[in-house]
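# Summary of the model geometry
As a plain string of letters, each chain reads:
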Amino acid sequence: MKKEVKIIVAVVLAVWFFVMGFEIGSYAEKKKLADSLQHTVAPTVQPTDAPTQPPVNTDTPTQPPVSTDTPTQSTAPSVNAEPSDKSKAEIISDVNKYINQLKGEQNMQAHKTASVYVNVVDCSVPSVIGTINKVISGITDDLAPEESYSFAGGSGSDAGGNPVTPKAVIPPKGKDFSLPEAGVASARAEKQGDNTVYYITLAAENTTIENPVPPYHDSSLGYLDITSLNLPIKVTRGDMHYPGSAITLTVNGSGKVVGLTERVPMSGEGATTVLGQEGTASFEGALEENWTFTY
C-alpha cells in the first residue's frame, strides 16, 4: 500500500506539474496557472462602392444604379467585401492585427472566465485512476478564477493589486501575438450583425522534455512547459500533444475587439520519480478562456 501511495503521489504531482506549467513557457515567474487567446488598420479588402457612372449592374437596371457586390448598401460608406470571401492569408493577417491592437489598448474593461479540464486515462496503478481524477478535479476547479480588469492610460491592476497592462494578461502573455500561415490548419470569417467573427484552428504540435516549446502555440496562445517549475519530483518523460487549438475573435463595426475565446485541447504522457518510485500517467485535457471587452 505504501508503494501504491507513493506512485499515486507521483502521478498526481505529475498531472499537477503539467496543469501548473501551462503558459509558464512564456512567463516563467508566474506562481500559478496562467490561464489561457492585430495594428489598428481596418481590414484590407477590395472596395465594394459602385462607380457613379455608367450604371452597369445588369441585376438592377432601374435607378439608382447599385453594385452587384453590395445588394443592401447601408448609408455608411462601404468598407469591405464579405468576411466569408476573405482568403486564409487575409484572415490570419486580420487576427494578428486585431489581437496586437487589443494588447495595445489604452482604455477598456476586460472580463475573463476560464475552465481547466484534466483527466487521467492510464497510470501505473490503474485501480486508483478514479481516485486520482477526483483529486485532480479538486485542484483544477481552483485554477481558473473569473477575473476583471479596468485599464486607463494602458494600465490596470490584477486581483492582487499588482499593476498590469493588456499586453501582460492577454495571451500570449507579455509579448506580441504572432501567428504565421504555416501555423494555421484552417481559418474562416463571417458576419454576425455588425460584428465580424474570425475562426482560427492552429496546426497540431507535439513536444518532449528535450524539445518543450511548440513554436506556434508559444507565439499565439501559450503552452504547457513541463520543465519550468521546481517541484520535488524528477520528471523522466513528458510528451505533450496539441491536436487542434482554436481561436475565435469578434470585432465590432468600429474595428474594436469585443470578444476572444481560446480553447487548447491537449493530451500527454509523463513519468516521474518520487522517493525512488516511478509513476507514469497519460492524460487528456483542455483549457478554455473567454474574454469580453468594453470601451
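Going by the structure above, here's the rest.
Here we summarise the structure given alongside this text. (Residues numbered from 1 in each chain as written. Predicted model: local features only at pLDDT ≥ 70, side-chain atom pairs only at ≥ 80, totals over all residues. Heavy atoms only, no water.)

A tally of regular secondary structure across the chain gives 5 helices and 11 strands. Sorting the 295 residues of the chain into buried and exposed places 45% on the buried side. Per element, the accessible surface of the chain, about 14,500 Å² overall, is 52% carbon and sulfur. (Helix = DSSP H or I, 4+ residues; strand = E, 2+ residues; numbered from the N terminus. Buried < 20%, exposed > 50% of the residue type's maximum accessible area, 1.4 Å probe, protein only. Areas by Shrake-Rupley, 256 points an atom, 1.4 Å probe, with all protein chains shown as cover.)

So, on to the side chain of Ser-282. With respect to the secondary-structure elements, Ser-282 resides in strand β11 (residues 277-294). The class for Ser-282 is buried, based on a relative accessible area of 18%. Excluding residues that lie within four positions of it along the chain, Ser-282 makes contacts with Asn-119, Val-120, Val-121, Asp-122, Gly-268 and Glu-269. (Contact = heavy atoms within 4.5 Å.)

Right, let's get into the pairing of strand β5 (residues 184-192). Judged from the 8 bridges that link them, β5 and strand β6 (residues 195-202) form a sheet pairing that is antiparallel. Bridging across to β6, Arg-188 finds its partner in Tyr-199. The hairpin formed by β5 and β6 contains 2 residues between the paired strands, and Gly-193 there has a positive phi angle of roughly 65 degrees. (Pairing = 2+ DSSP bridges.)

Let us now look at the packing of aromatic side chains. Under the defined criterion, the tally for this structure stands at 4 aromatic pairs. In textbook terms, an aromatic cluster arises when at least three aromatic residues are bridged by ring pairs, as seen for Tyr-149, Phe-151, Trp-291 and Phe-293. Directly above the ring of Tyr-98 sits Lys-97, whose terminal nitrogen or CZ lies 4.5 Å from the centroid. Just above the ring of Tyr-295 sits the side chain of Lys-256; from NZ or CZ to the centre is 5.1 Å. (Phe/Tyr/Trp six-rings, centres within 6.5 Å; stacked < 30°, edge-to-face > 60°. Lys NZ or Arg CZ within 6 Å of the ring centre and 35° of its normal.)

Attention shifts here to unusual backbone geometry. At the junction of Pro-171 and Pro-172, the peptide bond is cis and its omega measures out at -5 degrees in the coordinates. Turning to its location among the elements, Pro-172 is positioned in the loop between α4 (166-169) and β5.

It is possible for side chains bearing opposite charge to pair when their charged atoms get close. Enumeration according to the criterion identifies 12 salt bridges in this entry. As a salt-bridge pair, Lys-112 and Glu-289 come within 3.6 Å of each other at their nearest N and O atoms. With Lys-112 in strand β1 (residues 108-123) and Glu-289 in strand β11, this residue pair connects regions lying 177 residues apart in the sequence. A residue is classified by how much of its surface remains accessible, and Lys-112, at 3% relative accessible area, is buried. Salt-bridge contacts for Glu-288 lead to Arg-263; the nearest nitrogen and oxygen are separated by 3.3 Å. Placement of Glu-288 in strand β11 and of Arg-263 in strand β10 (residues 257-274) is noted, with a sequence separation of 25 residues between them. In this structure, a network of salt bridges that share partners links the residues Lys-112, Glu-147, Lys-173 and Glu-289. (Salt bridge = Lys/Arg side-chain N within 4 Å of Asp/Glu carboxyl O.)

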